[in-house]
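# Structure at a glance
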Amino acid sequence: MQEINNMSRLLLMRHGEAVAGAPDNQRRLSTQGEQEVTLMARWLADRVASKESGQLRIIASPYTRAQQSADAVASALGGQVETYEGITPDDSPNAVCDWLMAQPDSDTLLLVSHMPLLGELTGVLTRGHAGFGVSFATAGVAELSADVWASGCADLISMTDPRQLS
């Protein structure tokens, strides 16, 4: 794994597997999704505890499945969940980059959100274009680092998903 010096860190997490249904914003985690998120929450708690970094802010989409996933992580870390309306599945990755640039540098952010936004955001941050995005498994976490959260300025450090931990 690449060493991160004084660069800012960003963790992007896809919510756990959700049940089918409508309306989309009210879909809940399935039993498997709850298990995935619990596993990743424990992994994140161990990972965050082992790093000397600023405060971890957990920020979730307002959709139910993302809130449930973020709550599991917050419970494991002893933190709180903030909600940001601008990270739903169809939001603009460029708008999220603008929002990220306005956040305090001292905080490590964990955004709990959805596909396709997470894949597109990773593409914009690392390659400068949403079309170069990556796929996220349910409850998967990507770690990025950058001096500034602008288009094409980040490095993808790692991708971890529940299948790798079980």
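Residues numbered from 1 in each chain as written. Predicted model: local features only at pLDDT ≥ 70, side-chain atom pairs only at ≥ 80, totals over all residues. Heavy atoms only, no water.

### Some words on the confidence of the model for the protein chain
Going by this rule: A score between 0 and 100, pLDDT records how confident the predictor is in each residue. Helix and strand definitions follow DSSP, with helices as H or I runs of at least four residues and strands as E runs of at least two, each counted in order from the N terminus.
Considering every residue of the protein chain, the mean pLDDT works out to 91; 93% of them sit at 70 or more. Of all helices and strands in the protein chain, the one with the weakest mean pLDDT is helix 1 (residues 31–50) (91), whereas strand 3 (residues 81–83) scores best (98).

### Concerning the pattern of salt bridges
Inclusion rule: Any carboxyl oxygen of Asp or Glu within 4 Å of a side-chain nitrogen of Lys or Arg constitutes a salt bridge here. For every residue, the accessible area (1.4 Å probe, protein chains only) is compared with the maximum for its type, and the residue is labelled buried under 20%, exposed over 50%, or partly exposed between those bounds.
In this structure the tally under the stated criterion is 6 salt bridges. Among the salt bridges present, the one from Asp-24 reaches Arg-65, with a minimum N-O distance of 3.2 Å. Within this pair, whereas Asp-24 is found in the loop between strand 1 (8–14) and helix 1, its partner Arg-65 is found in helix 2 (residues 64–77), the two being separated by 41 residues in sequence. For Glu-82, the salt bridge identified is with Arg-57, shortest N-O distance 2.9 Å. Taken together, the positions of Glu-82 in strand 3 and Arg-57 in strand 2 (residues 56–60) put the pair 25 residues apart, joining distant regions of the chain. On the accessibility criterion, Arg-57 (14% relative accessible area) is buried.

### Notes on the packing of aromatic side chains
Definition in use: Under the pairing criterion, centres of Phe, Tyr and Trp rings, with the six-membered ring standing for Trp, must be within 6.5 Å; the plane angle then separates stacked pairs below 30 degrees from edge-to-face pairs above 60, leaving the rest tilted. Whether a charge sits over a ring comes down to the Lys NZ or Arg CZ being within 6 Å of the ring centre and within 35 degrees of the ring normal.
Per the stated rule, a full pass over the model turns up 1 aromatic pair. Taking NZ or CZ as reference, Arg-127 lies 4.3 Å from the ring centre of Phe-132, over its face.

### Observations regarding the environment of Ile-87
Position of Ile-87 relative to the elements: it lies in the loop between strand 3 and helix 3 (93–101). Residue class for Ile-87 comes out buried when judged on its relative accessible area of 0%. Distance from Ile-87 to Val-48, taken between C-alpha atoms, is 23 Å for residues 39 residues apart in sequence.

### Overview of the environment of Val-19
Our working definition: Contacts are assigned to residue pairs with any non-hydrogen atoms lying within 4.5 Å of each other.
Among the secondary structure elements, Val-19 is positioned in the loop between strand 1 and helix 1. Under the relative-accessibility criterion, Val-19 is labelled partly exposed at 38%. C-alpha of Val-19 to C-alpha of Thr-31: the two residues are 12 residues apart in sequence and 8.8 Å apart in space. Once residues lying within four places of it in the same chain are set aside, the contact partners of Val-19 are Arg-27, Arg-28, Leu-29 and Ser-30.

### Details of the nonpolar core
Which entries qualify depends on this criterion: Within this scheme, the nonpolar core is defined by two criteria: the residues are buried Ala, Val, Leu, Ile, Met, Phe, Trp, Tyr or Cys, and they are joined through side-chain atoms within 4.5 Å.
By size, the foremost hydrophobic cluster in this structure holds 21 residues, and its most contacted members are Leu-10, Leu-12, Leu-100, Leu-111, Leu-125, Leu-144 and Trp-149. Apart from residues lying up to four places away in sequence, Leu-12 is in contact with Leu-111, Leu-118, Leu-121, Thr-122, Phe-136, Gly-140, Val-141, Ala-142 and Leu-144. Formed by 19 residues, the second largest nonpolar core is a distinct cluster that contains Leu-29, Leu-56, Ile-58 and Leu-110.

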